[in-house]
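Working through the structure, step by step
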Amino acid sequence: MWFNNAVQDTLNAAKSGSQDTGWIMHHILDSKELDLTPFGVIHLPEIHLFGLDLSITKHVVFMWIAALILIVTFIKVSNSYKKSLVPKGITNFVEVFIIFVRDEIAKPTIGHGYEKFLPYLLTVFFFILTCNFLGLVPYAATSTSNIAVTATLATISFFVIQIGGIMKNGFFGYFKGLVPHGIPFWLVPIMFVVELLGLFTKPFALAIRLFANMTAGHIVILALLGLIFILKTYFVVPVSISFALFIYLLEILVALIQAYIFTMLSSLFIGMAYHQEH
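The shown structure was predicted, so the numbers you read here are calculated from the model rather than taken from an experiment.

1. As for the overall build of the protein chain
Along the backbone of the protein chain there are nine helices and four strands. Counting from the amino terminus, helix and strand elements in the protein chain follow one another as α-α-β-β-β-β-α-α-α-α-α-α-α. Within the span of the protein chain, comprising 278 residues, buried residues form 40% of the whole. When contacts within the protein chain are restricted to residue pairs at least 6 apart in sequence, those whose partners lie at least 24 apart make up 70%. Summing over all exposed atoms, the protein chain offers an accessible surface of approximately 15500 Å²; the carbon and sulfur share of this is 74%.

2. Observations concerning helix α5 (residues 118-134)
Owing to its 3.6 residues per turn, the α-helix brings residues three or four apart onto one side. In this model, α5 (17 residues) spans 24 Å end to end at C-alpha, consistent with the 24 Å of a helix rising 1.5 Å per residue. By the criterion of burial, α5 is predominantly enclosed, with 14 of the 17 residues buried.

3. Brief notes about the confidence of the model for the protein chain
For the protein chain, the average pLDDT comes to 83, and 89% of its residues sit at 70 or higher. Contacts of residues 13-18 to residues separated by more than four positions or lying in other chains number four contacts, the stretch itself having pLDDT below 50.

4. What about helix α4 (residues 90-110)?
Counted at 1.5 Å a residue, the expected span for α4 with its 21 residues is 30 Å, and the 28 Å between its end C-alpha atoms agrees. Remark: the principal bend of α4, roughly 25 degrees, maps to Arg-102. The complete set of buried residues in α4 reads Thr-91, Val-94, Phe-97, Val-101, Ile-105, Ala-106, Thr-109 and Ile-110. Next to the buried residues of α4 lie α3 (58-83), α5 and α9 (237-274).

5. Some points on unusual backbone geometry
Non-glycine residue Tyr-139 carries a positive phi angle of around 70 degrees. Within the secondary structure, Tyr-139 is located in the loop between α5 and α6 (147-169).

6. Quick word on a nonpolar patch on the surface
Taken together, the side chains of Ile-47, Leu-49, Phe-50, Leu-52 and Leu-54 define a hydrophobic patch exposed on the protein surface, amounting to about 540 Å² of accessible area. Turning to its location among the elements, Ile-47 is positioned in the loop between β2 (41-43) and β3 (48-49). Its relative accessible area of 36% is what places Ile-47 among the partly exposed residues.

7. Description of the environment of Met-167
Mapping Met-167 onto the fold places it in helix α6. Sequence-wise, Met-167 and Ala-273 are 106 residues apart; in three dimensions their C-alpha atoms are separated by 9.8 Å.

8. Some words on the packing of α4 against α9
It is at 8 Å that the axes of α4 and α9 come closest, and there the two elements cross at 35 degrees. The element α4 and its partner α9 pack so that their crossing is right-handed. On α9, the residues touching Phe-97, Phe-100, Val-101, Ile-105, Ala-106, Thr-109 and Ile-110 of α4 are Leu-256, Tyr-260, Thr-263, Met-264, Ser-267, Leu-268, Ile-270 and Gly-271. Grouping the amino acids of the contact of α4 with α9 by side-chain chemistry returns 11 nonpolar, four polar and no charged.

9. What to know about the side chain of Ser-143
By the element assignment, Ser-143 lies in the loop between α5 and α6. At 2.9 Å, the side chain of Ser-143 and the backbone oxygen of His-59 are in polar contact. When sequence neighbours within four positions are dropped, the list of residues in contact with Ser-143 reads His-59, Phe-62, Met-63, Cys-131 and Val-149.

10. Here we look at the packing of aromatic side chains
The tally for this structure, following the rule as stated, stands at nine aromatic pairs. Relative to Phe-159, the ring of Phe-158 has its centre 5.5 Å away and its plane inclined at 70 degrees; by these criteria the two rings are edge-to-face. Taking relative accessible area as the criterion, Phe-158 reaches 13% and is therefore assigned buried. Put simply, the rings of Phe-74, Phe-93, Phe-97, Phe-125 and Phe-126 pair up and form one aromatic cluster.

11. Structural notes on the pattern of salt bridges
Working definition: two side chains of opposite charge can pair if their charged atoms are close together. A complete count under the given rule lists two salt bridges for this structure. When the shortest N-O distance is used, the salt bridge between Arg-102 and Asp-103 registers 2.8 Å. Judged by its relative accessible area of 31%, Arg-102 falls in the partly exposed class. Its salt-bridge partner being Asp-103, residue Lys-107 comes within 3.7 Å of it at the nearest N-O pair. Of this pair, Lys-107 and Asp-103 are both found in helix α4, four residues apart, which corresponds to roughly one turn of the helix. For Lys-107, a relative accessible area of 38% corresponds to the partly exposed category. Each of Arg-102, Asp-103 and Lys-107 takes part in one network of salt bridges that share partners.

Parameters at a glance
Residues numbered from 1 in each chain as written. Predicted model: local features only at pLDDT ≥ 70, side-chain atom pairs only at ≥ 80, totals over all residues. Heavy atoms only, no water. Helix = DSSP H or I, 4+ residues; strand = E, 2+ residues; numbered from the N terminus. Buried < 20%, exposed > 50% of the residue type's maximum accessible area, 1.4 Å probe, protein only. Contact = heavy atoms within 4.5 Å. Areas by Shrake-Rupley, 256 points an atom, 1.4 Å probe, with all protein chains shown as cover. Expected span 1.5 Å × (residues − 1). pLDDT = per-residue confidence, 0-100. Bend = angle between axes of the 7 residues up to and from the residue. Patch = residues over 30% accessible without salt bridge, like charges linked within 9 Å, V, L, I, M, F, W, Y side chains within 5 Å. Salt bridge = Lys/Arg side-chain N within 4 Å of Asp/Glu carboxyl O. Axes fitted to C-alpha atoms, helices over the stretch in contact; angles between N-to-C directions. Left-handed = near helix turned anticlockwise from the far one by under 90°. Nonpolar A, V, L, I, M, F, W, Y, C, P; charged D, E, K, R; others polar. Polar contact = N/O pair within 3.5 Å; in protein donor to acceptor, adjacent residues only side chain to side chain. Phe/Tyr/Trp six-rings, centres within 6.5 Å; stacked < 30°, edge-to-face > 60°.

Have a look at this one:
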C-alpha cells in the first residue's frame, strides 16, 4: 500500500525540518505513476483524445486488477460446479457471500422479483469488496477512495433503480407514483419536485458514503505514522504503531461493511422503486 512510501516521505520531511503534511494526500489521491519505492517508479501511459485526458492512472490499474481477479475467480468457481455440485475450497468461500447477498440483502429489501437484480447486486458487492481489500495490500491503491469511481458506481445504481421502477410500473406510472396519495391537490407540484430531487440524493449519498469511509481510514493511519517523525521522539513510537495497527485491522472490517452498505442501500432503493405504494 502506502506504508513504505509514507515512512520515506515523513523521514524526508523530518530531515528538512518541514511540518508539511501534504505527503498524506500524495498517497491518497490518484496519480499517473505507480510508486514502488525502493524498487522504482512506473510511469503510466498518458492518452489525450479530442481534448480529453484519458490517461491511465493507478486507480484505473487497480480497478483492472480487481476485475481480473473476479473474472478468474468466478471462472474457476463456475468450472468447479460443472465437476461437482458440492462446493469445495474457494468455491465454498464465494458461495457464502453469494447466499448472503441473496438471502440477507436482495430478498428482504426487494422482495418478489429480486432475481432480476441479483446479478447486478452481486457484481457491485464483489467489485467493491475486491477494490477495498486491494487497498490494504502493500504498494496497491484503493480505487474506491476516488470520488470519480464511487460516483460512477452510484450512477449505475441510479439507472438500475429507475429502469427497475419503470419496468414494473410503466414510465408514467412510475413517476406518478412518486407523489404520495391522499395529499391536498395544491401540494402535488411541490411534492413531485421534492420526490424528484430525492431520486438524485440517493446516488449522491451512495457515492459520498463509500468515498469518505474508504479515504478516512487511510488518512488516519498515515497521520499516526507521521507523528513519529514530525514529533521527533521515540516515546510516541509505541502509541503510533499500536493505534495505526488497530486502525489497519479496523480497515479490514470497514472494507466488508462498506461493500455491504453500498449493496444493501442500492437494493433497498431498487425495492422502493420496483414496489411503489399505490
